[in-house]
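Remarks on the overall topology
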Amino acid sequence: LALEELVHLKQRLIDITAKNSRVLRLEAASPNLFLLQSNLISKQQELREATQKLVKAEELLSSLEELEEDLVDEIEKATSTKKNRLISKLVQGSAQEITASELRIRLTEKLRIVRVKQNDTKEEISNLKLRIHNLNDDVVTMEEDIDIENRPLMRRVLENRKYR
């Protein structure tokens, strides 16, 4: 009688456990897949950062070009005027009365500096465009490699592996 009761409780425990259990299917993946996914995420982050830098560099170049135009106009005005003193905002950032010859000298020097910055910025923009292009190529290659790792043949090979 006690043995029957024990068998009955054991069967009841097995039935309850079976009702509450779920079958999980484990997915096997190669270590290379995880490495590729991790590298893909980091390359995508680098791509976003490079794109943001490119936008900022293009904005800087645009503002430098506007400043260059203003400086050239102001230099032409200082050269063609018959007045001895002129008022300019481009020398110190605020309106300032200055002699025409001094204004030409200062604005010419500032124009030289602006043009150097423009050339540096143009070089940076071309480098960033090249970097973005290379990063896009890397991302496409990694996505193709991830796709290969996820194909049925690779999954079948990994599922048939024996793990201890």
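What you see is a predicted model; the values in this text were computed from it and never measured.

Rules of the game
- Residues numbered from 1 in each chain as written.
- Predicted model: local features only at pLDDT ≥ 70, side-chain atom pairs only at ≥ 80, totals over all residues.
- Heavy atoms only, no water.
- Helix = DSSP H or I, 4+ residues; strand = E, 2+ residues; numbered from the N terminus.
- Buried < 20%, exposed > 50% of the residue type's maximum accessible area, 1.4 Å probe, protein only.
- Contact = heavy atoms within 4.5 Å.
- Areas by Shrake-Rupley, 256 points an atom, 1.4 Å probe, with all protein chains shown as cover.
- Axes fitted to C-alpha atoms, helices over the stretch in contact; angles between N-to-C directions.
- Parallel < 35°, antiparallel > 145°, perpendicular 65-115°, else oblique.
- Left-handed = near helix turned anticlockwise from the far one by under 90°.
- Nonpolar A, V, L, I, M, F, W, Y, C, P; charged D, E, K, R; others polar.
- Core = buried A, V, L, I, M, F, W, Y, C linked by side-chain atoms within 4.5 Å.
- Salt bridge = Lys/Arg side-chain N within 4 Å of Asp/Glu carboxyl O.
- Patch = residues over 30% accessible without salt bridge, like charges linked within 9 Å, V, L, I, M, F, W, Y side chains within 5 Å.

**Quick look at the overall build of the chain**
Across its full length, the chain carries four helices and two strands. Counting from the amino terminus, the chain carries its helices and strands in the arrangement α-α-β-β-α-α. By the burial criterion, 23% of the 164 residues in the chain qualify as buried. Restricting to contacts in the chain with at least 6 residues of sequence separation, those with at least 24 account for 66%. Summed over all atoms, the accessible surface of the chain reaches about 12,900 Å², with 54% contributed by carbon and sulfur.

**Considering the packing of helix 2 (residues 31–80) against helix 3 (residues 100–149)**
To characterise two packed helices, one gives the angle between the axes of the helices and the distance between these axes. It is the contact of helix 2 with helix 3, at a shortest axis distance of 6 Å, that shows an interaxial angle of 160°. Taken together, the axes of helix 2 and helix 3 are roughly antiparallel relative to one another. Viewed along their axes, helix 2 and helix 3 form a crossing whose handedness is left-handed. For the contact of helix 2 with helix 3, the per-class residue count stands at 27 nonpolar, 10 polar and 19 charged.

**Structural notes on the nonpolar core**
Listed in full, the 11 residues of the largest apolar core are Leu64, Leu71, Ile75, Ala78, Leu86, Ile98, Ala100, Leu103, Leu107, Leu111 and Val114. Within the residue set of this core, elements represented by two or more residues are helix 2 and helix 3. In terms of residue count, helix 3 provides more of this core than any other element does, five residues in total. Apart from residues no more than four positions distant in its own chain, Ile75 is found in contact with Arg104, Leu107, Thr108 and Leu111. Within the second largest apolar cluster, nine residues are counted, among which are Leu47, Ala50, Leu54 and Ile125.

**Details of the environment of Ser42**
Counting through the fold element by element, Ser42 comes out in helix 2. Relative accessible area serves as the criterion here: at 34%, Ser42 is assigned to the partly exposed category. As a C-alpha pair, Ser42 and Val139 span 97 residues in sequence and 9.7 Å in three-dimensional space.

**A few points about the pattern of salt bridges**
Summed over the entire model, instances satisfying the criterion amount to five salt bridges. Glu46 is the partner of Arg131 in a salt bridge, and the nearest nitrogen-oxygen pair spans 2.8 Å. Of this pair, Arg131 sits in helix 3 while Glu46 sits in helix 2; the two residues are 85 residues apart in sequence, bridging distant segments of the chain. As a salt-bridge pair, Glu102 and Arg106 come within 2.9 Å of each other at their nearest N and O atoms. Of this pair, Glu102 and Arg106 both sit in helix 3, four residues apart, roughly one helical turn.

**A look at a nonpolar patch on the surface**
Among the surface-exposed residues, Leu3, Leu6 and Val7 lie close enough to one another that they form a single nonpolar patch of about 320 Å² accessible area. Inspection of the secondary structure assignment puts Leu6 in helix 1 (residues 2–20).

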